[in-house]
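Listed below, chain by chain, are the residues.
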Amino acid sequence: MAAPARSSTRELVGTAVAAVIAAAAFAAPAAAETRLCNRTSVVTEAAIGVVVGDTAATRGWFRLDPGQCRAILQTTESPGRLLLHTRPVGEAAGATLGQPEQMSLCVGEGDFLVPAAQTCRQPNTRLAPFVEVRPTVVEGIGILFLSEEADYDLPQSRKAGIQRLLTRMGYDPGPIDGLEGPKTDAALRAFVTDLNLPADAAQMPDIFDRLLAALRAGEGPGFAWCNDTGHRVMAALGTDQGGRIVTRGWYRIEAGACLKPPLEGTPARVLSFAEAVDAEGRPVERNGRPLTFGGEISACIRSTEFEIVGTEDCAAHGGSPAKFLAVAFDGRRRASLRFREP
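A short tour of the structure in this document, coming up. (Residues numbered from 1 in each chain as written. Predicted model: local features only at pLDDT ≥ 70, side-chain atom pairs only at ≥ 80, totals over all residues. Heavy atoms only, no water.)

**What about the overall build of the protein?**
Part 1 of the reasoning: Along the backbone of the protein there are four helices and 22 strands.
Part 2 of the reasoning: A buried classification covers 44% of the 342 residues belonging to the protein.
Part 3 of the reasoning: Put simply, 68% of the contacts in the protein that link residues at least 6 apart link residues at least 24 apart. (Helix = DSSP H or I, 4+ residues; strand = E, 2+ residues; numbered from the N terminus. Buried < 20%, exposed > 50% of the residue type's maximum accessible area, 1.4 Å probe, protein only. Contact = heavy atoms within 4.5 Å.)

**Looking at the pattern of salt bridges**
Part 1 of the reasoning: For the coordinates displayed, the defined rule picks out 21 salt bridges.
Part 2 of the reasoning: Of the charged contacts, one joins glutamate 33 and arginine 35 as a salt bridge, the two residues approaching to 2.5 Å between their closest N and O atoms.
Part 3 of the reasoning: The closest approach of N and O atoms between glutamate 280 and arginine 282, which form a salt bridge, is 3.1 Å.
Part 4 of the reasoning: Connected through salt bridges with shared partners, the residues Glu45, Arg87 and Glu109 form a single ionic network. (Salt bridge = Lys/Arg side-chain N within 4 Å of Asp/Glu carboxyl O.)

**Observations regarding the environment of glycine 140**
Part 1 of the reasoning: For glycine 140, the position within the fold is in the loop between β9 (136–138) and β10 (141–147).
Part 2 of the reasoning: Between the C-alpha atoms of glycine 140 and alanine 32, which are 108 residues apart in sequence, the distance is 5.2 Å.

**So, the state of the cysteines**
Part 1 of the reasoning: All chains considered together, the criterion is met by four disulfides.
Part 2 of the reasoning: One disulfide bridge connects cysteine 106 with cysteine 120, the sulfur atoms lying 2.0 Å from each other. Residues cysteine 106 and cysteine 120 are joined by a disulfide whose S-S torsion is about -105 degrees; by sign, that bridge is left-handed. In this pair, cysteine 106 is assigned in strand β6 (residues 103–107) and cysteine 120 in the loop between β7 (112–114) and β8 (126–132), connecting sequence segments 14 residues apart.
Part 3 of the reasoning: When its relative accessible area of 31% is taken as the criterion, cysteine 120 is described as partly exposed.
Part 4 of the reasoning: There is a disulfide in this structure between cysteine 300 and cysteine 314, and the S-S distance comes to 2.0 Å. Measuring handedness by torsion sign, the sulfur bridge of cysteine 300 and cysteine 314 sits at about -80 degrees and is left-handed. Residue cysteine 300 is found in strand β19 (residues 297–301), and its partner cysteine 314 is found in the loop between β20 (306–309) and β21 (320–327); the two are separated by 14 residues along the sequence. Across this residue pair, the class does not change: cysteine 300 and cysteine 314 are buried.
Part 5 of the reasoning: For the protein, the bonded cysteines pair up as 1-2, 3-4, 5-6, 7-8 when numbered in the order they occur along the sequence. (Disulfide = S-S within 2.5 Å.)

**Structural notes on the environment of proline 205**
Part 1 of the reasoning: Its place among the elements puts proline 205 in the loop between α3 (182–194) and α4 (207–216).
Part 2 of the reasoning: The class for proline 205 is exposed, based on a relative accessible area of 75%.
Part 3 of the reasoning: Taking C-alpha positions, proline 205 is 9.6 Å from aspartate 65, a pair spaced 140 residues apart along the chain.

**Considering the sheet that holds strand β3 (residues 55–64)**
Part 1 of the reasoning: Pairing in this open sheet of six strands is antiparallel, and the strands run β6-β8-β5-β2-β3-β7 from one edge to the other. Of all the strands in the sheet, the pair left with one neighbour each is β6 and β7. Averaged over neighbouring strand pairs, the angle between their axes works out to 35 degrees when direction is ignored.
Part 2 of the reasoning: Alignment of β3 against β7, held across three bridges, turns out to be antiparallel. Pairing of threonine 58 across the sheet is with valine 114, part of β7. (Pairing = 2+ DSSP bridges. Axes fitted to C-alpha atoms, helices over the stretch in contact; angles between N-to-C directions.)

**A closer look at the sheet that holds strand β1 (residues 33–39)**
Part 1 of the reasoning: Taken in spatial order, the four strands of this open sheet run β4-β1-β10-β9, and their pairing is mixed. Two strands in the sheet have a free side with no partner beyond their single neighbour: β4 (69–73) and β9. Taking the axes of each pair of neighbouring strands and ignoring which way they run, one obtains an average angle of 35 degrees across the sheet.
Part 2 of the reasoning: Two elements, β1 and β10, share seven bridges in a ladder whose sense is parallel. Opposite glutamate 33, over in β10, you have isoleucine 141 as the bridge partner.
Part 3 of the reasoning: Contacts from helix α2 (residues 154–168) reach β1 and β4 within the one sheet, and its direction differs from that of β1 by about 50 degrees.

**A look at α3**
Part 1 of the reasoning: Look at α3: 18 Å from first C-alpha to last across 13 residues, which is about the 18 Å you get at 1.5 Å a residue.
Part 2 of the reasoning: Every buried residue belonging to α3 is among Thr184, Ala187, Leu188, Phe191 and Val192, and all of these are buried. Along α3, the residues classed as buried sweep out an arc of 135 degrees about the axis, all on the same side. Away from its buried face, by an angle of more than 90 degrees, α3 presents the exposed residues Pro182, Arg189 and Thr193.
Part 3 of the reasoning: Those residues of α3 that are buried lie in contact with α2 and α4. (Expected span 1.5 Å × (residues − 1). Arc of directions from axis to C-beta.)

**Some words on α4**
Part 1 of the reasoning: Within α4 the residues assigned to the buried category are Ile207, Phe208, Leu211, Leu212, Ala214 and Leu215. For α4, the arc enclosing every buried residue in end-on projection is 160 degrees, short of the 170-degree limit, so these residues lie on one face.
Part 2 of the reasoning: Looking at the buried side of α4, the elements it contacts are β3, α2, α3 and β14 (258–259).
Part 3 of the reasoning: Following α4 by one or two positions, glycine 218 adopts a phi angle in the positive range, close to 75 degrees.

Given below as structure tokens:
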């Protein structure tokens with residue numbers, strides 16, 4: 001009976017810590033607060049954790065656009081050890097900000113508060129890596145910075161964030177450097193024109209919402225896959241350069257999402273093969289056959305991540321042949337391939 005009693009006590013303490021986090025995070029505005037500032041070029045969501053003794057609670061998500069600061073605690077004095085977890089928004093699956101891991105705590109989805117966060121007992125929670133942080137207090141304000149190697153200041157990170165998303169959509173703003181320039185201006189004007197946005201859209205507070213929505217919808221020049229099925233789709237890309245076909249895979253496209261794979265050079269043709277999979281990565285079947293999306297051109301694939309040059313003797317590359325679809329694409333205009341169930 002002793003073990004359950006200790007567990008119950010820990011849960012009660014965890015709930016108390018969670019209540020402290022909630023009060024600290026959502027108290028009336030005060031002069032003393034802790035702010036998190038995003039000096040990276042990546043739209044980021046953050047979760048905070050507070051550890052008191054051997055109990056912990058977490059709260060999130062706090063979204064920060066590049067160049068944005070927001071209060072995460074209405075105090076400069078955390079009630080315990082303050083920890084932080086971040087995740088990029090609009091980046092490839094599995095991308096991180098390079099945050100080290102010091103402790104694993106539970107996070108949820110949406111606006112969440114997890115007491116007793118060492119174990120994920122609540123629905124839709126999972127363990128995530130947290131790192132301990134200590135704010136720098138300046139004139140009664142605690143400040144934490146998210147930074148990357150380029151070491152932008154806040155205005156530069158906002159510009160770099162816009163450049164990054166324009167690049168992801170196939171526009172050419174030049175280097176992602178956070179600096180003004182004619183190529184960035186031209187790419188931004190093209191984006192604004194293509195989506196019929198106001199001329200001053202870049203100065204509006206919702207510019208990153210618009211950029212992210214356009215990226216997910218496959219907008220902009222370049223080649224994009226869009227998944228209109230109710231399943232995850234794994235896609236392989238083939239490019240034809242001077243008669244040499246190179247196939248690469250796999251690229252994951254979640255249901256309802258679009259993805260622009262990286263294209264090297266200016267290929268004469270773009271080839272595509274894809275298959276629907278379930279949550280465990282097993283092929284989805286229709287009428288006893290895997291649900292695939294392809295065409296008439298034979299090229300090579302493998303079951304794991306691959307890059308294969310040539311279309312002959314797939315077995316020699318440890319792979320097997322698959323039928324790819326040729327997509328008309330000149331390297332400049334938009335070309336989207338939508339996956340739909342028959």
